[in-house]
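Topology and contacts: notes
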Amino acid sequence: MKASRLLSLIGLQLIAIVLISFSLSEGAIQVQCPGDTDGDGLWTGTEVQPPNTQCIHLAAGDGFVTMADGHLQYTFGFSDITGVLPEDVMRTGMLAAEFPGPSIKVKEGANVYLTLTNVGMIMRPDLFDPHSVHFHGFPNAAPIFDGEPMSSISINMGSSLTYYYTTPDPGTYMYHCHVEATEHMQMGMLANLWVTPLQDGATVGGCASQKYVFNDGDGSTCYDVDFPIQLSGFDSNFHDLHIAVQPLPFALMKDNYPMINGRGYPDTINPGPLPAPVIDGETGAVSQKVSSMISATAGQKVLLRVSSLATVDFYTLSVLGIPMRVVGRDAKILRSSSGQNLSYTTTSVTLGGGESYEVILDTAGVAPGTYFLYTTDLNNLSNSGEDFGGMMTEIDIL
Amino acid sequence: MKNTFIMKRAAWMLLIAAALVFGGPRAYAAIDGITGPTFNLTARAGYISTSEGGSYLMWGYADGAGLMQYPGPTLIVNQGDLVTVNLSNQLTVPVSIVFPGQSGVTAVGGTTGLLTSEAPAAGGTVTYSFTAAQPGTYTYYSGTRPELQIEMGLMGALIVRPTVNPATRAYGHSDSQFDHEYLFLLSEMDPDIHDQVAAGNMNPMDTTTYFPVYWFINGRTAPDTMGMAHDPLLPHQPYNIVPFMHPGEKVLLRMIGGGRDLHPFHTHGNHHKVIARDGRMLSSGVGADLAEMAFTTTVVPGSTADAIFTWTGEKLGWDMYGYTNATHPAYCSASGNPTAAYPADKLSQLPTDRCKPFPVTLPDQTDITNGQFYSGSPFLGSMGYIPPGEGGYNPNSGFLYMWHSHAEKEITNFDIFPGGMLTMLFIEAPGVTLMEP
Ligand SMILES: [Cu+2]
Ligand SMILES: [Cu+2]
């Protein structure tokens, strides 16, 4: 990106903030969360959390991330503003897009109130796009809470929409914005989402951790530690043209940054958030918070919640040296209709966009050391022109 | 970018919808196609349209003296039929047909080709015969230079109906029972190849640079996918794809990979149950006991998959018809539970959902963007206020769900979003007559 363009954009950004502040209708930012009275989506002081209730407040806007080769990338995305008072929402949410978005973990059967506030795209003040949350894979969804904007509604800049879910089935899902899906998803409005089963907390089949992927009834999906592994790709040309306010190359879209949880190797193994991106000398918001560093002690069962929200390519993931046992696919346990266990052991899983797998790595008998989780589509072991990186991370067995 | 989904032919659909609402019941339509056991196919050239206004030379199979069509006619036969396909060739190159999944295919006439006998260029003929021994969803395509000729459009679907319950089951067994069936023949196109063939270059294939920019369901790009079948404006693309159902009914998806790329096909609304692949039930011996639940199925080139989709609205946590004690005291008691008078045709949702109030307050009109398929109401069969110029394509206030390639790049038409490999499922309220545009 050229500095001159950025400077002029930052000028526009100031205008946009002024415009957005003026165009806000009173009360358009509103968190609906039972028991919460001050509108921050948390239960504090005398506020009482109703049983089995979960509230989340996400902002949808724009921001920046840094690719593993140092390339600064303009993005759209979500950020977690749960706990932020309504008057502070715009200030907190603007230019704070994360990639991937905040991971959402819910319990089976919870009453989930997810509020989405559209804080606008500060770097693209010419755009007035609405946004949405699509809970991808939600069973028996109703259009009003499905986030697919053609058959329902999406939320305009400066306003909030509260989605409601009862999360009836455990498993690995994902969420993403569905407005202008090709553009908003390529731009980064993607995140991990999973639902834990009611069986958790009970000892079934001798499962000491009391953690399960599904309500399996026999402990066969018992695990000790779990990690979300979301695959995606960025086409840096698309992003660069986007912030340059140029026509978007949908037809030519070709991802050159294959990633796990929004990072290419070696950033994937950074255990913490990546440093905040620096935009033209100014430090932005910390935006890449999901590490893909997998660590466990020998003997533990490691659950990988693998999903793909790639908008272009299929990817094949492999683990060298530890068998991969696939126990679920698309948030459903692998079982025959007569109850036969159909889980299988493999060395790879292949995912297109919108697919998920639950994979357990049983490290019993595995020698301590470093193992790799990587794509066997070897051209995707790259960060654009940089040839050692991309869709790969490490598994540390201690 | 501003969403401008131009439904250039959706006005047709709307008219049909209005007509059907007042036109009384109509029998469920089966998959569009031609029935055997004898077929006369002609390979010829013609131009197809893409939704944003493109026009491309294709080669395709025509039904006898009819127009070239993309995809070729869906051939529908019965299990056990001795199927005969007479192919005549009006193209300037030899062509043929192979029938993957069929055993004992014999060819009479024509000239010897690499995979099968071919109909010579400019008037040649060949006849293929086989017994359709097993029910299921199959494909057929050219066995002559398939890397070029399938791309050019020489492919189609073959459906073999079972001996038992042929109209309502895909495989005879009750696990394959359906109320409505739809074809999802997925393909893609690199226009460079078509432009070169149109310019007379019959050797345009460089597979290393193959780069599709169009994606089709049943030979159409969205929004044409949702236009009416046999639209005179699309003479070479007769098949549409707009699935319809009521809550609790079962839709059979017959998915076929008709091109060279994989496509992750996602059903909004619910999982679908993949009951068969390549014309065989996923079975250890008893029905489709090895069926796989999926919210996205990878459709593989040259391969088929059959899936059953259903949707009941269960466990939403609120009454999907909007019935509460306040609005419908006859249906809902003061304690918020359904009474015996709760409508009998609306029982697909669970008793625990019935009469439960809608859980949130929706934003004001000024704060939202209404989708063109939104009824203005969160409730099935209810219409709400939508500002003029918004909404409008959901005349019966159904619940609509996008079914699409989840490689989102593929829901575009050559730089125009949305388009491509996309359609909408209509779940209509109980009692609403389903339209088959
Ligand atoms: Cu968005
Ligand atoms: Cu999705």
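It should be noted that the structure appears before, not after, this text.
Residues numbered from 1 in each chain as written. Chains lettered and ligands numbered in written order. Predicted model: local features only at pLDDT ≥ 70, side-chain atom pairs only at ≥ 80, totals over all residues. Heavy atoms only, no water.

A word on helix α4 (residues 236–243) of chain A
All names here are of chain A.
- Buried within α4 we find Ser236, Phe238, His239, His242 and Ile243. With its buried residues spanning 160° around the axis, α4 presents them on a single face.
- Sitting at the amino-terminal end of α4 is Asp235, which places a side-chain oxygen 3.1 Å from the backbone nitrogen of Asn237.
- Phi turns positive one or two residues past the end of α4, at Val245, with a value near 55°. (Buried < 20%, exposed > 50% of the residue type's maximum accessible area, 1.4 Å probe, protein only. Helix = DSSP H or I, 4+ residues; strand = E, 2+ residues; numbered from the N terminus. Arc of directions from axis to C-beta. Polar contact = N/O pair within 3.5 Å; in protein donor to acceptor, adjacent residues only side chain to side chain.)

Section: the coordination of the copper ion (ligand 2)
- Protein-derived coordination of the copper ion (ligand 2) comes from A:His136 (ND1), A:His176 (NE2) and B:His406 (NE2), at a distance range of 2.0 to 2.1 Å. Of this pair, A:His136 sits in strand β5 (residues 134–136) while B:His406 is found in the loop between β24 (399–405) and β25 (422–427), placing the two residues in two different chains.
- On the basis of relative accessible area, B:His406 is assigned to the buried category, the value being 0%. (Donors = N, O, S within 2.8 Å, 3.2 Å for Na, K, Ca; no water.)

So, the sheet that holds strand β7 (residues 160–165) of chain A
All names here are of chain A.
- Taking strand neighbours across the sheet as the criterion, the 4 strands line up as β2-β1-β4-β7 in an open arrangement whose pairing is mixed. Whereas interior strands pair on both sides, the edge strands pair on one side only; in this sheet they are β2 (72–80) and β7. Averaged over all pairs of adjacent strands, the angle between their axes in this sheet comes to 20°, without regard to strand direction.
- Across 6 bridges, the pairing between strand β4 (residues 111–120) and β7 is antiparallel. In the strand pairing of β7, Val112 is matched with Tyr165.
- In the packing of α4 onto the sheet, contacts are made with β1 (53–66) and β2, and the angle to β2 comes to roughly 85°. (Pairing = 2+ DSSP bridges. Axes fitted to C-alpha atoms, helices over the stretch in contact; angles between N-to-C directions. Contact = heavy atoms within 4.5 Å.)

Some points on the coordination of the copper ion (ligand 1)
All names here are of chain A.
- Bound to the copper ion (ligand 1) on the protein side are His131 (ND1), Cys177 (SG), His184 (ND1) and Met189 (SD), at distances that span 2.0 to 2.6 Å.
- Each of the 4 donor atoms around the copper ion (ligand 1) contributes to a set of angles spanning 91 to 126°, which defines the coordination as tetrahedral.
- Along the chain, the residues that donate to the copper ion (ligand 1) are spaced as H-x45-C-x6-H-x4-M. The pair formed by Cys177 and His184 is uniform in burial state, with each residue classed as buried. (Tetrahedral: all angles 85-135°; square planar, octahedral: opposite > 155°, others 65-115°.)

A closer look at the packing of aromatic side chains
- Under the counting rule described, the total for this entry stands at 38 aromatic pairs over all chains.
- With centroids separated by 5.5 Å and ring planes inclined at 50°, the aromatic side chains of A:Phe138 and A:Tyr165 adopt a geometry described as tilted. Within this pair, whereas A:Phe138 is found in the loop between β5 and β6 (153–155), its partner A:Tyr165 is found in strand β7, the two being separated by 27 residues in sequence. Summarising the burial analysis for this pair, A:Phe138 and A:Tyr165 share the class buried.
- Of note, A:Arg329 hangs over the ring of A:Tyr357, and the distance from its end group to the ring centre comes to 5.6 Å.
- The cationic tip of B:Arg260 hangs over the ring face of B:Tyr210; the distance from NZ or CZ to the ring centre is 3.9 Å. (Phe/Tyr/Trp six-rings, centres within 6.5 Å; stacked < 30°, edge-to-face > 60°. Lys NZ or Arg CZ within 6 Å of the ring centre and 35° of its normal.)

Some details on the environment of A:Asn380
Residues and elements named next belong to chain A.
- Along the polypeptide, Asn380 turns up in the loop between β22 (369–375) and β23 (392–397).
- Taking relative accessible area as the criterion, Asn380 reaches 8% and is therefore assigned buried.
- Between the C-alpha atoms of Asn380 and Asp255, which are 125 residues apart in sequence, the distance is 9.3 Å.
- Among all residues touching Asn380, those that are not within four sequence positions of it are Pro258, Tyr315, Thr375, Gly389, Gly390 and Met391.

Details of the pairing of strand β17 (residues 324–329) of chain A
All names here are of chain A.
- Burial of β17 is extensive: 5 of the 6 residues sit out of reach of the surface.
- Bridging between β17 and strand β19 (residues 344–346) involves 3 bridges; their strand directions are antiparallel. Its bridge partner lying in β19, Met324 is registered against Thr346.
- Here β17 runs beside strand β21 (residues 356–362); their pairing, made up of 5 bridges, is antiparallel. Counted as the bridge partner of Val326 is Val359 from β21.

Here we look at the layout of surface pockets
- What the largest pocket holds in volume is close to 1,200 Å³.
- The residue makeup of the lining of the largest pocket, split by class, is 21 nonpolar, 13 polar and 13 charged.
- The wall of the second largest pocket is formed by 22 residues, among which A:Lys254, A:Val312, A:Asp313, A:Phe314 and B:Asp261 lie closest to the centre.
- Taken together, the residues of the lining of the second largest pocket break down into 10 nonpolar, 5 polar and 7 charged. (1 Å grid on protein atoms, 1.4 Å probe; cavity = no way out; pocket = protein on both sides within 12 Å on 5 of 7 lines; lining within 4 Å. Points joined across faces, edges and corners; volume = space filled by probe spheres on them. Nonpolar A, V, L, I, M, F, W, Y, C, P; charged D, E, K, R; others polar.)

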